[in-house]
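# Chain and residue survey
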Amino acid sequence: MIGRRRFIAAASSGLLLGGCDRLNNSPGFRSVLRSAEGLNLRAQRLVSARDALAREYSEADMSPFFRSNGTAHPGTPEYARHLAENFANWRLVVDGLVARPLSIPLHVLKSIPHRVQITRHDCVEGWSAIGEWHGLELSRILEAAGLSTRAKYIVFHCADRFGDKPYYESIDLIDAFHPQTIMAWGMNGHLLPVPNGAPLRLRVERQLGYKHAKYVQRIQAVETLAGIHGGKGGYWEDNVDYEWYAGI
Amino acid sequence: MDQPAAMNEPIEADVPPPAPPRIVYRHRLPTRIWHWVNALTVFVMLMSGLMILNAHPRLYWGQYGANFDHAWLELGSRPFPGWATIPSTYNLAAARRWHLAFAWVLVAGLVLFLLVSLWNRHVQRDLTPTGEEVKPKHIWNDIRQHARLRFPTGDAALRYNILQKLSYAAVIFVLLPLMLLTGLAMSPAIDAAWPWLLDIFGGRQSARSIHFICAAAILAFILVHLVMVALAGPINEIVSMITGRFRVPPERTEE
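This structure is a prediction, so every number in the text was calculated from the model and none was measured. (Residues numbered from 1 in each chain as written. Chains lettered and ligands numbered in written order. Predicted model: local features only at pLDDT ≥ 70, side-chain atom pairs only at ≥ 80, totals over all residues. Heavy atoms only, no water.)

### A closer look at the overall build of chain A
Put simply, the rule reads: The helix count covers DSSP runs of H or I at least four residues long, the strand count covers runs of E at least two residues long, and both are numbered beginning at the N terminus. Throughout, exposure labels follow a simple rule: accessible area from a 1.4 Å probe, protein chains only, divided by the maximum for the residue type, with under 20% read as buried, over 50% as exposed, and the rest as partly exposed. Throughout, a residue-residue contact means that at least one pair of heavy atoms, one from each residue, lies within 4.5 Å. Calculation of accessible area relied on Shrake-Rupley with a 1.4 Å probe; when residues are assessed, cover is drawn exclusively from the protein chains displayed.
If you tally the helices and strands in chain A, you get 7 helices and 10 strands. Across the 248 residues in chain A, those meeting the buried criterion constitute 53%. For chain A, long-range pairs separated by at least 24 residues make up 68% of all intrachain contacts whose partners lie at least 6 apart in sequence. Within the structure as shown, chain A displays about 11100 Å² of accessible surface, and the carbon and sulfur contribution to it stands at 59%.

Below is the structure:
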């Protein structure tokens, strides 16, 4: 009797599960699920002021230890050389759809008056950590480079790799020109540690952690994300189907 | 069997002929549609939610919380088995796609149900407790009747009893809205637009904890609900939620 009940329970849950997994693997159903991403983007933008600020916290609210995630150390010979030189020769290249392509030495970038913000970092996995970031507003870099009116996205190319694939990320111009979107070189009163993206990382405070590209070497302004690596606008987007818009 | 027919007749005459079953129209169409849409949606939300929790199975109170911080609930690595999650093998990206798509179905259903049910007075007439019902004596009596598995019959079975009203109201007016608001409070973009969400829940990680607690409460509601349906006559109950027509349990004869 128990055996039969167990069999029925297992069989029905197997059917149900098999159904969900089959749906999950069906391209048509996946595209229906995926359409919620656009809905979330439009709905969130509808209720948000363009410059609505992420909460800025006080020093007392900061995480005692700010964990890192993803790459802890890029580990390439090129990065090792930069690290050994204390990033003295690290440059931020700004190119693509700009009037004046730039190659900004890190020390120049750090010498410009910058923004300090204590904000919360929300990982897609669910944890949060609060840290203090020092960095230059991305809007000022893009204005200096003379962003073309054709540009729709800003792509961040990084020094770290997952297997043979380089990490990269992208955001649209609403987030790129948000006052809290900065290229951060300092964290919690020190230069950025290696696990947190030394020497330069993106902070895009209204999106989840994987959008905050670390080890940034190049900023590219583009009209479309098609043709850049997998074409979905980021390493995780291309490889495991994370949402490009990570506002929730 | 071999008895003459004449002997049987007086005996049969003593038994009153069975009354024809009384059928009433109990659940209106909006309620039935919402019920079955939710039956599907809530399970998708619970199962994809458990997969999302698999990614970081620790819960905290406050604004922040990560591996080095104190967790009030700490489960082992990937604690939820495949039969309880969508999809059945670890995949945070897919679980998020399911969860964030079906969340719209859940919210749209809740909003439409509330609008229709306020308009057709289902909320006021069937779900709102009367002054008499909320008296402690009445509630206590209802609890005792439930504990003895003596369910209402006759006309009394046509109304929701106070425990039903309170649990349905808790789900509709407390748990589901809390799920929505704590879910939104976990969104960094919504937190920027509506920072008061962080204040009412005491931080993003508190909102995440409350989200989980409310999900557990909804699961508990579903389990009790299913047990009650099974005890009250599952065929009649399920048929009534499909067709709307409910066979009234005949009045209990006093023992």
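### A short note on helix H2 (residues 27-47) of chain A
All names here are of chain A. For the record, the criterion: For a helix, the expected span equals 1.5 Å multiplied by the residue count minus one. Starting at the helix axis, one direction is taken to each C-beta atom, and the arc is that of these directions.
With 21 residues, H2 ought to run about 30 Å at 1.5 Å a step, and its terminal C-alpha atoms sit 31 Å apart, in line with that. Within the span of H2, buried status applies to Phe29, Arg30, Leu33, Ala36, Glu37, Asn40, Leu41 and Gln44. Each buried residue of H2 sits inside an arc of 155 degrees when the element is viewed along its axis, so together they form one side. Among the exposed residues of H2, those oriented more than 90 degrees off its buried face are Pro27, Val32, Arg42 and Leu46.

### Some points on the environment of A:Val108
Positionally, A:Val108 belongs in helix H4 (residues 106-111). Considered as a pair, A:Val108 and A:Arg91 are 17 residues apart in the sequence and their alpha carbons are 9.3 Å apart.

### Let's talk about the pairing of strand S4 (residues 128-137) of chain A
Residues and elements named next belong to chain A. Going by this rule: The pairing criterion is simple: DSSP has to find at least two bridges between the two strands.
Taking burial as the measure, the 10 residues of S4 include 10 buried ones, the bulk of the element. Inspection of the sheet shows strand S3 (residues 115-122) paired to S4 by 8 bridges, in the antiparallel sense. Looking across to S4, one finds that threonine 119 is bridged to glycine 131. Count of turn residues in the S3/S4 antiparallel hairpin: 5 residues, of which glycine 126 carries a positive phi of about 125 degrees.

### Describing the side chain of A:Gln117
Residues and elements named next belong to chain A. The criterion, for reference: Polar contact criterion, stated in full: a pair of N or O atoms within 3.5 Å, where within protein one must be able to donate a hydrogen and the other to accept it, and residues adjacent in sequence count only if both atoms are side-chain atoms.
Here glutamine 117 is to be found in strand S3. Judged by its relative accessible area of 0%, glutamine 117 falls in the buried class. A polar atom in the side chain of glutamine 117 sits 2.6 Å from the side chain of arginine 115. In terms of polar contacts, glutamine 117 uses its side chain to reach the side chain of glutamate 205, at 3.0 Å. Glutamine 117 has contacts with Glu56, Gly131, Glu132, Trp133, Gln180, Ile182, Arg203 and Glu205, leaving out every residue within four places of it along the chain.

### With respect to the packing of aromatic side chains
Given two aromatic rings, one states the distance between the centres and the angle between the planes to describe the pair. Defined as follows: Between rings of Phe, Tyr and Trp, where Trp is taken as its six-membered ring, a pair exists when centres lie within 6.5 Å; planes separated by under 30 degrees are stacked, by over 60 edge-to-face, and by other angles tilted. Whether a charge lies above a ring is judged from NZ of Lys or CZ of Arg, which has to be within 6 Å of the ring centre and within 35 degrees of the ring normal.
As enumerated under the stated definition, the model contains 21 aromatic pairs over all chains in all. Centroid distance A:Tyr79 to A:Trp90: 6.2 Å. Interplanar angle 85 degrees. Geometry classified as edge-to-face. Pair noted here: A:Tyr79 is in helix H3 (residues 77-84) and A:Trp90 is in the loop between H3 and strand S1 (91-96), with a separation of 11 residues, a long-range link. You'll find A:Tyr79 and A:Trp90 in the same group, each marked buried. Joined through ring pairs, the aromatic side chains of A:Phe162, A:Tyr167, A:Tyr210, A:Tyr235, A:Trp236 and A:Tyr242 make up one cluster. Sitting over the face of the ring of B:Phe246, B:Arg26 holds its NZ or CZ atom 4.2 Å from the ring centroid. A cation sits over an aromatic face here: B:Arg78 above B:Tyr90, 3.7 Å from the ring centre.

### A look at the sheet that holds strand S5 (residues 153-162) of chain A
All names here are of chain A. Counted only if it meets this: Lines fitted to C-alpha atoms define the axes here, with helix axes fitted over just the stretch in contact, and angles between the N-to-C directions of these axes take values from 0 to 180 degrees.
Here 5 strands make up an open sheet; going across it, the order is S2-S1-S10-S5-S6 and the pairing mixed. At either margin of the open sheet sits one strand with a lone partner, and together these are strand S2 (102-105) and strand S6 (165-172). This sheet shows a mean twist of 20 degrees between the axes of neighbouring strands, independent of strand direction. Bridge count for S5 against strand S10 (residues 216-222) is 6 bridges, and the pairing is antiparallel.

### Quick notes on the packing of helix H2 (residues 29-55) of chain B against helix H9 (residues 204-232) of chain B
Each pair of packed helices can be summarised by the angle the axes make with each other and by the distance between the axes. Residue and element names in this part refer to chain B. The line we're drawing: Every angle not falling under 35 degrees, over 145, or within 65 to 115 is termed oblique; those three ranges are roughly parallel, roughly antiparallel and roughly perpendicular. If you view the pair so one helix is near and one far, a crossing is left-handed when the near helix is turned anticlockwise from the far one by less than a right angle, and right-handed when it is turned clockwise. Only Asp, Glu, Lys and Arg are considered charged in this grouping, and only Ala, Val, Leu, Ile, Met, Phe, Trp, Tyr, Cys and Pro are considered nonpolar; every other residue, Gly among them, is considered polar.
Look at H2 against H9: their axes get within 11 Å of each other, and the N-to-C directions meet at 135 degrees. By the angle between their axes, H2 is oblique relative to H9. H9 is crossed by H2, and the crossing has left-handed handedness. Residue-level contacts link His35, Val42, Phe43, Leu46 and Leu53 of H2 to Arg208, Phe212, Ala215, Ile218, Leu219, Ile222 and His225 of H9. For the contact of H2 with H9, the per-class residue count stands at 9 nonpolar, 2 polar and 1 charged.

### Quick look at the interface of chain B and chain A
The condition is simple: Only one rule defines a salt bridge in this text: a Lys or Arg side-chain nitrogen within 4 Å of an Asp or Glu carboxyl oxygen.
With 42 residues of chain B at the contact, the number on the chain A side is 50 residues. For the interface between chain B and chain A, the tally reads 6 salt bridges. Its salt-bridge partner being A:Arg55, residue B:Asp199 comes within 2.8 Å of it at the nearest N-O pair. Counting across the interface, chain B meets chain A through 23 residue pairs in polar contact (both at pLDDT 80 or more). Class assignment of the residues belonging to the side of chain B that touches chain A gives a composition of 25 nonpolar, 10 polar and 7 charged.

### Topic: a nonpolar patch on the surface
The cut-off we apply is this: Like-charged residues are merged into a patch within 9 Å and nonpolar side chains (Val, Leu, Ile, Met, Phe, Trp, Tyr) within 5 Å, provided each residue has over 30% relative accessible area and no salt bridge.
On the surface, a cluster of nonpolar side chains totalling about 430 Å² of accessible area is made up of B:Tyr25, B:Leu29, B:Ile33, B:Val37 and B:Val105. Here B:Val105 is to be found in helix H3 (residues 92-119).

### Describing the environment of A:Gln217
Residues and elements named next belong to chain A. In this structure, glutamine 217 sits in strand S10. Residues glutamine 217 and phenylalanine 156, spaced 61 residues apart in sequence, show a C-alpha to C-alpha distance of 7.6 Å. Discounting chain neighbours no more than four positions away, the residues touching glutamine 217 are Glu78, His82, Trp90, Arg91, Leu92, Val93, His157, Cys158 and Ala159.

### Digging into the domain arrangement of chain A
Applied cut-off: Just so you know, the domain bounds were taken from an automatic or database domain assignment.
Taken domain by domain, chain A holds domain 1 (1-47) and domain 2 (54-240). With centres defined by C-alpha atoms, the gap from domain 1 of chain A to domain 2 of chain A works out at 35 Å.

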